[in-house]
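# Geometric and topological summary
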Amino acid sequence: MTVDTASFFTRALHAGRDRETASSRATPIYLTAGFEFDDFDHAAHHFGTGDGFGYTRTGNPTIRAVERQLAALESGADAVLVASGQAAVAVALLTVAGAGDHIVSSAHIYEGTRGLLVDNLARLGIETTFIDDIGDPDAWRAAIRPTTRALFAESIANARNDILDIAGVAVIGDEHAVPLIVDNTLGTPYLVRPLEHGASIVVHSASKFLAGHGSVLGGVVVDDGRFDADRAGHNAPHLVLPGRGGLPSVAARHGGLARIAYARESVAPRFGASPSPLNAFLIGQGAETLGLRVERQSRNALDVARWLEAHDAVESVDYAGLESHSDHALAQRYLGGGHGSIFTFTLRGGLEAARDVVESVSVFTHMTHIGDVRSLVLHPATTSHAYRTQEERDALGIRPGTLRVSIGIEDVDDLIADLSRALATVWEKVA
Ligand SMILES: *Cc1c(COP(=O)(O)O)cnc(C)c1O
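Keep in mind the model is a prediction, meaning the values are calculated, not measured.

### A short note on the site of the ligand
Lining the immediate surroundings of the ligand are 13 residues, of which Gly-85, Asp-183, Ser-205, Ser-207 and Lys-208 lie closest. At a separation of 2.8 Å, an oxygen atom of the ligand approaches a polar side-chain atom of Lys-208. A per-class count over the shell around the ligand returns 3 nonpolar, 7 polar and 3 charged.

Right, here's the structure in full:
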């Protein structure tokens, strides 16, 4: 009997199956939980070596293609795609740290990452020291302990637009054979590639600029492939000691790629934040136009920031593209092709003015997201940072009148006209 002559339910499942391969120019979407083995030995080989594809949580051709694409954009050796930016940060940190270990992190990081460090990783026995003045090399140096397993920071940080001196901090990590992990979500590989400046690992929320259209969540961990077992093995026993059942160590099997191999084999699939192949496709398609979007978004953002800086209703604008910003020189050194499109500005009228602006804009969308093709606005003090104290918010540059914007690819005149209408209302009240 063949499946074509079987009964109805069986035919519905098995008849007419097409196993032809074709050279699709776009990345094909392998929307499948798993892959059929050619024969008995093929299955055993896959389980024994990890080669090829067996089950989508451990590998999928669509996801693999996007991992290679994003690794290439970040000048990395390899990458692991996961279901969200939070998952990428968690996977990167759990790849290098375990119970009893320590992380030194910038204090100017995404609130979700901070929560992961202070709530979740702390409960797993991983302690974090936060650095406020990330431009002070001595602050980083002084925080490092014998148990430190990672330095963590964002290339461009919210809300003050602090720019990380990547090379400066990477060198300090190097002195102790500790990798620098950079969250490059706001920087994007179009503007800055931290691995080229000495960072060891880059993470992204691919939900933002990489996917770019605000339709999917995703995250990626990119590694430089330069793990050195001789120099850094004492900080990474899980990479240099033999595995369970006498398996050769990860470093013995993967050399410089030991960290990313461990993330792929042992961390990402076990904690299970696997991306959907469909979402992977959308991230890969988005990344094809990353440069075009970020170039235009950066240009629009600079025009909007300059216009805001000159407006009477505005007290300050924190955008590293402006000459007035304290990190402008660092931005000139590290960023090429623009300064990104996410920044904050503070209204003289405080909370009420912020409320009025948020409720008057019509081209800007009021929502908690960034890196979208559309322009977005949010009031951090009452949303993302509502659970911090006012002193903590002050230290982070978030005041009652502060608004965060993520500038999109619209015609910039329409963005300025939208803000102009909204600011005219609040300025009338103040003046
Ligand atoms: C959004 C964001 C994250 C978290 O990413 P998700 O995709 O929302 O899980 C991490 N870091 C930064 C800088 C972000 O902006």
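### Focus: the domain arrangement of the chain
The accessible area lost on association of the parts is a frequent measure of interface size. If you check the domain split of the chain, you get domain 1 (40-44 + 55-287) and domain 2 (290-430). Taking only C-alpha atoms, the centre of domain 1 and the centre of domain 2 are 28 Å apart. Listed per partner, the contact involves 33 residues of domain 1 and 41 residues of domain 2. Here domain 1 and domain 2 share an interface that buries about 3,000 Å² over both sides, 57% of which is from carbon and sulfur atoms. Inspection of the domain 1/domain 2 interface yields 3 salt bridges. For the interface between domain 1 and domain 2, the tally reads 20 residue pairs in polar contact (both at pLDDT 80 or more).

### Thoughts on the nonpolar core
Residues Leu-70, Trp-140, Leu-151, Leu-164, Leu-180 and Ile-283 are the most contacted members of the largest nonpolar core, which totals 48 residues. Mapping this core onto the domain boundaries places at least three of its residues in each of domain 1 (40-44 + 55-287) and domain 2 (290-430). With residues near it in sequence (within four places) discarded, Ile-283 still touches Val-66, Leu-70, Ala-206, Leu-210, Ala-211, Val-216, Leu-217 and Gly-218. One finds Ala-150, Val-221, Val-250 and Ala-258 within the second-largest nonpolar core, a separate group that totals 38 residues.

### Examining the side chain of Thr-56
The residue Thr-56 is located in the loop between helix H2 (40-49) and helix H3 (61-73) in this model. Thr-56 gets classed as buried once you look at its relative accessible area, which sits at 12%. When sequence neighbours within four positions are dropped, the list of residues in contact with Thr-56 reads Thr-32, Ala-33, Gly-34, Phe-35, Ile-63 and Pro-277.

Rules of the game
- Residues numbered from 1 in each chain as written.
- Predicted model: local features only at pLDDT ≥ 70, side-chain atom pairs only at ≥ 80, totals over all residues.
- Heavy atoms only, no water.
- Near = heavy atom within 4 Å.
- Polar contact = N/O pair within 3.5 Å; in protein donor to acceptor, adjacent residues only side chain to side chain.
- Nonpolar A, V, L, I, M, F, W, Y, C, P; charged D, E, K, R; others polar.
- Domains from an automatic or database assignment.
- Contact = heavy atoms within 4.5 Å.
- Buried area = accessible area lost by both parts, 1.4 Å probe.
- Salt bridge = Lys/Arg side-chain N within 4 Å of Asp/Glu carboxyl O.
- Core = buried A, V, L, I, M, F, W, Y, C linked by side-chain atoms within 4.5 Å.
- Buried < 20%, exposed > 50% of the residue type's maximum accessible area, 1.4 Å probe, protein only.
- Helix = DSSP H or I, 4+ residues; strand = E, 2+ residues; numbered from the N terminus.

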